[in-house]
Amino acid sequence: RQLEKIFDYSAGELLGQNYSVLIPEAQRGQHAAAQAAFMANPIQRGIGSGLCIIGRRKDGVEVPIDISLSPIEMDSRKVITCTIRDISELRRMEIEREELLVREQKLREQAEQANRLKDQFLATLSHELRTPLTTILAWAQILRMGRVDAEKAKHGISIIEANAAAQGQLIDDLLDVARISSDKLSLNFQELAPANVIRVAVDTVLWLAEKKNISMELNLDPITGHVLADPTRLHQMLWNLLTNAIKFTPNNGKVTVHLSETPSSAGKNARIQISDNGKGISPDFLPQIFKKFTQADSSTTRKYGGLGLGMSIVSSLVKLHKGTITADSAGEGK
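Let me begin by describing the structure that accompanies this report.

Thresholds, definitions, all that
Throughout this document, residue positions are counted from 1 along each chain, in the order its sequence is written. With the structure being a predicted model, the display of local features is reserved for residues of pLDDT at least 70 and the display and counting of side-chain atom pairs for 80 or more, all residues being used for whole-chain, interface and lining totals. Only hydrogens and water are set aside when side-chain values are computed; all heavy atoms of the structure are taken into account. Numbering of helices and strands starts at the N terminus; helices are DSSP runs of H or I of at least 4 residues and strands are runs of E of at least 2. The globule rule used here is 2.2 Å times the number of residues to the 0.38 power, and the radius of gyration it is set against is calculated over C-alpha atoms. Working definition of accessibility: Shrake-Rupley area with a 1.4 Å probe, residue cover restricted to the visible protein chains. Counting rule for charge: Lys and Arg are taken as positive, Asp and Glu as negative, and neither His nor the chain ends is counted. Here the site of a charge means NZ on Lys, CZ on Arg, CG on Asp, or CD on Glu. Paired strands are those between which DSSP finds at least two bridges. Angular values range over 0 to 180 degrees, each being the angle between N-to-C directions of two axes fitted as lines to C-alpha atoms, with helices fitted over their stretch in contact. Only heavy atoms matter for contacts: two residues are in contact if any of them lie within 4.5 Å across the pair. Definition used for salt bridges: Asp or Glu carboxyl oxygen within 4 Å of a side-chain nitrogen of Lys or Arg. The buried label applies to any residue whose accessible area, calculated with a 1.4 Å probe on protein chains only, is under 20% of its type's maximum; exposed applies above 50%, and partly exposed to all values in between. Buried residues of nine kinds, namely Ala, Val, Leu, Ile, Met, Phe, Trp, Tyr and Cys, make up a nonpolar core once their side-chain atoms join them within 4.5 Å. Crossing handedness: left-handed means the near helix sits turned counterclockwise from the far one by under a right angle, and right-handed means the same turn made clockwise. For this classification, Asp, Glu, Lys and Arg are treated as charged, while Ala, Val, Leu, Ile, Met, Phe, Trp, Tyr, Cys and Pro are nonpolar and the rest, including Gly, are polar.

### Points about the overall build of the chain
And step 1. Counting secondary structure elements, the chain contains 8 helices and 8 strands.
And step 2. Here the chain has a C-alpha radius of gyration of 36 Å; the compact-globule value for 334 residues is 20 Å, and the former is much larger.
And step 3. Each principal axis of the C-alpha atoms in the chain carries an extent, and together these give about 120 × 55 × 40 Å.
And step 4. Roughly 21,600 Å² of accessible area belongs to the chain as shown, and the carbon and sulfur atoms make up 53% of that amount.
And step 5. Averaging the positions of the 41 positive and the 39 negative side-chain charges in the chain gives two centres separated by 3 Å.

### Considerations on the sheet that holds strand β3 (residues 77-86)
And step 1. The strand order β1-β2-β3 describes an open sheet built from 3 strands, whose pairing is antiparallel. Here the strands that pair on one side only, and so sit at the sheet edges, are β1 (52-56) and β3. When strand polarity is set aside, the average angle formed by the axes of neighbouring strands in this sheet is 45°.
And step 2. Both strand β2 (residues 62-74) and β3 contribute to a ladder of 10 bridges, which runs antiparallel. Within the sheet, the bridge partner assigned to Pro71 lies in β3 and is Ile80.

### Notes on the environment of Glu261
And step 1. Position of Glu261 relative to the elements: it lies in strand β7 (residues 254-264).
And step 2. Placed 146 residues apart in sequence, Glu261 and Asn115 show a C-alpha to C-alpha distance of 43 Å.

### Examining the side chain of Thr256
And step 1. In this fold, Thr256 is placed in strand β7.
And step 2. Aside from chain neighbours lying at most four places away, what touches Thr256 is Glu217, Asn219, Gln273, Ile274 and Ser275.

### Some points on the pattern of salt bridges
And step 1. A complete count under the given rule lists 10 salt bridges for this structure.
And step 2. For Lys78, the salt bridge goes to Glu73, with nearest N and O atoms at 3.8 Å.
And step 3. The exposure class assigned to Lys78 is partly exposed, which follows from its relative accessible area of 45%.
And step 4. Judged by relative accessible area, Glu73 falls into the exposed class, the value being 58%.
And step 5. Residue Arg233 pairs with Asp176 through a salt bridge whose shortest N-O separation is 3.3 Å.

### Considerations on the pairing of β1
Within a regular strand, the side chains alternate between the two sheet faces.
And step 1. Summarising the sheet, β1 and β2 pair through 5 bridges and their orientation is antiparallel. Along β2, the bridge assignment pairs Gly55 with Val63.
And step 2. Taking the residues that link successive antiparallel strands as the turn, the β1-β2 hairpin has 5 residues, and the phi of Gly60 there is positive, at about 90°.

### A word on the nonpolar core
And step 1. Ranked by internal contacts, the top residues of the largest apolar core, which has 33 residues, are Ile198, Met216, Leu234, Leu242, Ile246 and Val255.
And step 2. Of all the secondary structure elements, the ones that give two or more residues to this core are α5 (150-181), α6 (194-211), β5 (215-220), α7 (231-247), β7 and α8 (310-320).
And step 3. When residues of this core are assigned to their parent elements, the largest contribution, 7 residues, is made by α6.
And step 4. By size, the runner-up hydrophobic cluster in this structure holds 8 residues, among which are Phe7, Leu14, Val63 and Ile65.

### Details of the sheet that holds β5
And step 1. Read from one edge of the open sheet, 3 strands run β5-β7-β8, paired in mixed fashion. Two strands close off the open sheet at either side, each with one partner strand: β5 and β8 (267-276). Adjacent strand axes in the sheet meet at a mean angle of 15°, parallel and antiparallel pairs treated alike.
And step 2. Those strands touched by α6 are β5, β7 and β8, and its axis lies near 175° from that of β5.
And step 3. Where α7 meets the sheet, its contacts fall on β5, β7 and β8, and the angle it forms with β8 comes to roughly 30°.

### Some words on the packing of α6 against α7
And step 1. Between α6 and α7, the least distance of the axes is 9 Å, while the angle of their chain directions is 35°. Seen along the crossing, α6 lies across α7 with a hand that is right-handed. Judged by residue contacts, Val197, Ile198, Val200, Ala201, Val202, Thr204, Val205, Leu208 and Ala209 of α6 engage Pro231, Leu234, His235, Leu238, Trp239, Leu242, Thr243 and Ile246 from α7.
And step 2. A breakdown of the residues in the contact of α6 with α7 according to their chemical character gives 14 nonpolar, 3 polar and no charged.

### Observations concerning α8
And step 1. Of all 11 residues that make up α8, 8 are buried, and the element is covered over most of its length.
And step 2. Of all the residues in α8, the buried ones are Gly310, Met311, Ser312, Ile313, Val314, Ser315, Leu317 and Val318.
And step 3. The secondary structure elements touched by the buried residues of α8 are α5 and α7.
And step 4. Downstream of α8 by a residue or two, Lys322 has a phi angle that is positive, lying close to 60°.

### Points about unusual backbone geometry
Leaving glycine aside, a negative phi is the common case for residues, and trans is the common case for peptide bonds.
And step 1. For Asp75, which is not glycine, the phi torsion reads 55° and is therefore positive.
And step 2. Turning to its location among the elements, Asp75 is positioned in the loop between β2 and β3.
And step 3. A positive phi angle is found at Asn252, which is not glycine, with a value near 65°.
And step 4. Along the chain, Asn252 turns up in the loop between α7 and β7.

Read these as spatial facts, not as claims about activity.
See the structure below:
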């Protein structure tokens, strides 16, 4: 009855048959060789001794089987009794345990990586906040001593303002990330012409481009209708993308902003594309570009500043506008 249960044959179908009918055809030759070797030197092998074979059910389904072999002297002949059990459930549990171990190891590696990123981020944050603060304090002390002329004092005040603005931007980015993470960022949607927001954003970053003699080119196709967007947040997205393009573009480079109209299932969408001829992005880093706290160079002494939050904020704001964002690059140096 147990044999019938494992292999789904009736006793009448099995009686008188060679037991090889219960072995997959592809393994019968190998099994016959193992049988001959055992019969030449039959020794006791109990259940759980590690002697596992594959059985074949009547419907062709293969099942793992644990087998014990016991040689018995009977009427001057050596008879082998065989006991088998279906270990499908045991094997399934082993596989699940192995998969669980793999998942746990992966989660542990992810946790360790998260801790490393957190440590890198905190080191970067302290560096980025301290840098403008050091400059502000230095110039405040110089101005307090009163030993500078009016022109140099004016220059010092402008440096203090620029560094205070930079530090304020870092704090704003951190607050935006916190609001986005807690779903507390509210948007004020309005119908607007994206070309107008683009022009204002370009004007805002023009002084950064002029410092590096980078030309700003606008290709704004006349699109029909308006888009539904939060003007402040759309400006923020464009500002982040434009300053990022300028930051990684060498002197005398070019940044281009292109506005076009693309069809969609709901009608038409506005497509804004910002491109530059800067340092390029490696294929390994490209998939990480919109993740929080990531930069191609994470060391605090890297050439380019920032916390690695800008692209993450842009991506989150785009999704809140039910839009999509992608990044493309042919690689570093391209």
